[in-house]
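Given next are the chains, with one letter for each unit.
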Amino acid sequence: MDMKQISKIVGQIDDFVWGPVMLVLLVGTGIFLTIRLKFLPWRNLGYALHSVLSKEARTTKRGTGDVSPFSALMTALAATIGTGNIIGVATAMFSGGPGALVWMWISACFGLTSKFSECMLAIKYRETNAMGEMSGGPMYTMKNAFKNKTFGKTLGFLFALFSVLASFGIGNMTQANSIASSVKETFGVPLWVTGIALTVLALAIILGGITTISKVSSVVVPCMAIFYVIAGILVILGNITNLPHGLYLIFGMAINPKAIGGGVLGTITVSVMNSVRYGVARGVFSNEAGLGSAAITAAAATTDDAVRQGYINMTGTFFDTIVVCTITGLAIASSGVLGTVNAAGEPLKGVQLTMAAFSSVLGPVGSLLVTFGIILFAFSTILGWEYHGEKAFEYMFQSHKYNIVYRVVFSLVVFIGATQTLDLVWNISDIMNALMAIPNLICMLLLSNVIAKEVNRFQPTVEKERAAYKAARKSKK
């Protein structure tokens, strides 16, 4: 069997694990938990957003942990806000039509509850390692929460193994390759030069551990997100007259694509199933709700209550999909570039589609802005995923002593990712990324009673703090 056949088989496995069964399991778990929690994560979204933006979220005064609640969220967002927000949205809208954006929003709504649940459990069941650092995530939840310790440890080991393998591919090589390819295409810089620069920069930050990663993420993530959102809003405003038609296509093609899209979008023909599949898949790939990765970072937060930090980390899905992905989607829909072709007569898709949308208003600067967005988004993903992988690695060996080895190897793999296009490795890591979700979803479903009990226990605190906030606002008036 040659490499081409192996790649084909792995590609087919990848298509299967990210197929309808996995997507139904991911979204279905979110739906079940949302109903089980009486929609409280949705009802408390305003409280959660206020908590994130408060001054207190930037301090480490309340409770125990390694970094501030805001820093923990930004490090988690560093791993999730990535190429999926720029390239993934464009891919979903090309392959699934504009209606894919609606299904992305729907999956994100239920993803809020999944993200809340996995992060809350990670803090509730976290441990302190020999270095005095917090160690948590789905693997520790599985190990500590289940009465059957053999089952819990086995499930935890599988999650950790899949996380480590995924960290080198999805969290490292694919991101480094996106950066190097974009820099070469835009500025003509050789792949190996970008590879060396990325490796040195990654090594310098990663060797500092979670505190350094979180400091960098706390500055880079908000700045890059605001920068990208402002640029996207300018594009939407520049095409404001086309926005109503763009919204008509988005909502119309989510329900009845054939009736709406016939002849309107040139090269694009889709079905409702395709729209659902690509919208949900790219949405989950972007915000990682249900995969369990963000829960590893959430466990490092300084907090006095697991539910409080669960709500804070839950907003990651809101910012990632409802804000950033929506900006990309609306920019593409209002620009009229969906379904058009390039000079070679090939349909625009992926990053070309996003670049064309931004360039429709901003000219050549639009392509540059998208390129810089990819560089910053992808590099921050490398940093966030390093921490995820490191903690999973630590769990597998039940010791922090080998973490430095993981940090160095992870940084060196950045160079390989930047200089090589390894489709086989990417597909394998994509499979690992999907397999991470299975133990995590099983864990959340089995612990749904614990999640509901914790949420109900904390609700009076939410009401009390909400009332205090309203009273403070009235007194200022």
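Above this note sits the structure.
Computed from a predicted structure; not experimentally measured.

Draft legend 1. Spotlight on the side chain of Ser411. One can find Ser411 in helix α19 (residues 403-419). When neighbours within four sequence positions are excluded, Ser411 is seen to be in contact with Thr199, Ala202, Leu203 and Ile206.

Draft legend 2. Looking closely at the packing of aromatic side chains. Throughout the structure, instances matching the rule amount to 18 aromatic pairs. Here the aromatic rings of Phe318 and Phe319 are separated by 5.7 Å at their centres, their planes lie at 75°, and the arrangement is edge-to-face. Grouped by ring-pair contacts, the aromatic residues Phe168, Phe393, Phe397, Tyr402, Tyr406 and Phe410 constitute a single cluster. Above the ring of Tyr125, the side-chain terminus of Lys124 is found at 5.6 Å from the ring centroid.

Draft legend 3. Inspection of the packing of helix α2 (residues 20-36) against helix α21 (residues 448-476) at higher detail. Closest axis-to-axis distance for the α2/α21 pair is 10 Å, and the angle between their directions is 40°. Classified by the angle between their axes, α2 and α21 sit oblique to one another. Remark: the crossing between α2 and α21 carries right-handed chirality. Residues Phe32, Leu33 and Arg36 of α2 pack against Ser448, Asn449, Ile451 and Ala452 of α21. The class makeup of the residues in the contact of α2 with α21 is four nonpolar, two polar and one charged.

Draft legend 4. The arrangement of the layout of surface pockets in detail. As a volume, the second largest pocket reaches approximately 410 Å³. Lining the second largest pocket we find 20 residues, and of these His50, Ser51, Ser54, Glu56 and Glu465 sit closest to its centre. Split by residue class, the lining of the second largest pocket holds six nonpolar, eight polar and six charged.

So, how was this worked out
Residues numbered from 1 in each chain as written. Predicted model: local features only at pLDDT ≥ 70, side-chain atom pairs only at ≥ 80, totals over all residues. Heavy atoms only, no water. Helix = DSSP H or I, 4+ residues; strand = E, 2+ residues; numbered from the N terminus. Contact = heavy atoms within 4.5 Å. Phe/Tyr/Trp six-rings, centres within 6.5 Å; stacked < 30°, edge-to-face > 60°. Lys NZ or Arg CZ within 6 Å of the ring centre and 35° of its normal. Axes fitted to C-alpha atoms, helices over the stretch in contact; angles between N-to-C directions. Parallel < 35°, antiparallel > 145°, perpendicular 65-115°, else oblique. Left-handed = near helix turned anticlockwise from the far one by under 90°. Nonpolar A, V, L, I, M, F, W, Y, C, P; charged D, E, K, R; others polar. 1 Å grid on protein atoms, 1.4 Å probe; cavity = no way out; pocket = protein on both sides within 12 Å on 5 of 7 lines; lining within 4 Å. Points joined across faces, edges and corners; volume = space filled by probe spheres on them.

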